[in-house]
Amino acid sequence: MKLTKLAASALAVASIVFSAGIASAQTAGTNGNYIGAGIAVGATSGGQGNDEAQLGGNIQGRYAVPTTPLSLRGSVLYGGDAAAIMPIVTYDAPIARNTNVYFGGGYSFVTDEGQKTPLGNQNAPVLTLGIESEVSNNVIAYGDTKWGIDAYRNSDADAVSFQAGVGYRF
């Protein structure tokens with residue numbers, strides 16, 4: 001059942017992202033690399049002890065793969081008693097001048113499994129959906145949602161976290 005929900009959700013999000021890319025043939029988007037920092041808000045709990053929702057911070061970076069719509073991203077969500085470190089690959093679709101939406105997946109590595117982070121308390125696959133925009137010269141504002149699949153110990157619950165921040169484009 002969980003796999004069916006995951007597949008349906010991924011298909012719905014992918015269709016939105018891909019159609020945005022088709023509709024935006026006249027827009028430039030942004031292809032800049034950046035590193036930024038901001039807040040991370042955990043929105044879920046695994047239903048066990050030591051896994052309640054966490055408020056923390058994030059450090060995120062993007063490397064746009066030249067001549068492709070793909071980016072390599074890194075994200076660290078901290079807060080609670082550990083950090084979640086995530087390498088992620090995304091498909092980026094321009095939707096307006098200097099603005100992209102992105103969708104992708106990766107894996108969350110928790111520095112101390114069993115300890116709380118904004119995205120669960122154990123290693124897990126992760127899907128992300130976000131938006132980024134160059135708001136002034138070399139300044140990127142970003143926001144995304146991360147979904148950790150089976151991201152809690154002793155529970156089959158998923159984790160969801162919302163991030164927002166500002167980055168320096170280089």
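Because the structure is a prediction, the values reported are computed rather than measured.

About the thresholds
Residues numbered from 1 in each chain as written. Predicted model: local features only at pLDDT ≥ 70, side-chain atom pairs only at ≥ 80, totals over all residues. Heavy atoms only, no water. Pairing = 2+ DSSP bridges. Helix = DSSP H or I, 4+ residues; strand = E, 2+ residues; numbered from the N terminus. Axes fitted to C-alpha atoms, helices over the stretch in contact; angles between N-to-C directions. pLDDT = per-residue confidence, 0-100. Contact = heavy atoms within 4.5 Å. Patch = residues over 30% accessible without salt bridge, like charges linked within 9 Å, V, L, I, M, F, W, Y side chains within 5 Å. Areas by Shrake-Rupley, 256 points an atom, 1.4 Å probe, with all protein chains shown as cover. Salt bridge = Lys/Arg side-chain N within 4 Å of Asp/Glu carboxyl O. Buried < 20%, exposed > 50% of the residue type's maximum accessible area, 1.4 Å probe, protein only.

What follows concerns the sheet that holds strand 4 (residues 82-96). Read once around its circumference, the closed barrel built from eight strands follows the order 1-2-3-4-5-6-7-8, with strand pairing classed as antiparallel. Across this sheet, the average inter-strand angle for adjacent strands is 25°, counted without regard to direction. Bridging between strand 1 (residues 34-42) and strand 8 (residues 159-169) involves nine bridges; their strand directions are antiparallel. If you follow Ile35 over to strand 8, its bridge partner there is Tyr168.

Here we take up the confidence of the model for the protein. For the protein, per-residue confidence averages 87 on the pLDDT scale, and 82% of positions sit at 70 or higher. For residues 10-26, every residue scores under 50 in pLDDT, and the model assigns this stretch 15 contacts once sequence neighbours within four places are set aside.

A separate point is a nonpolar patch on the surface. On the surface, Ile35, Ile59, Tyr78, Tyr168 and Phe170 cluster together into a nonpolar patch covering about 540 Å² of accessible area. Take Ile35: it is sitting in strand 1. Of the residues examined, Ile35 reaches a relative accessible area of 48% and is grouped as partly exposed.

Moving on, we come to unusual backbone geometry. Among all residues save glycine, negative phi is the norm, and among peptide bonds the norm is trans. At Asn138, a position not held by glycine, the phi torsion is positive, near 65°. Within the element layout of this structure, Asn138 appears in the loop between strand 6 (124-136) and strand 7 (139-148). Unlike most non-glycine residues, Asp150 shows phi in positive territory, near 50°. Along the chain, Asp150 falls in the loop between strand 7 and strand 8. You can call Asp150 partly exposed: its relative accessible area is 30%.

Evaluation of the coordinates by the stated rule reveals six salt bridges. We note a salt bridge from Arg62 to Glu132, for which the minimum N-O separation is 3.5 Å. Of this pair, Arg62 sits in strand 2 (residues 55-64) while Glu132 sits in strand 6, and the two are 70 residues apart along the sequence. Accessibility assignment for this pair places Arg62 and Glu132 in one class, buried. With a closest N to O distance of 2.8 Å, Asp144 and Lys146 form a salt bridge. Given the relative accessible area of 5%, Asp144 is considered buried. When its relative accessible area of 1% is taken as the criterion, Lys146 is described as buried.

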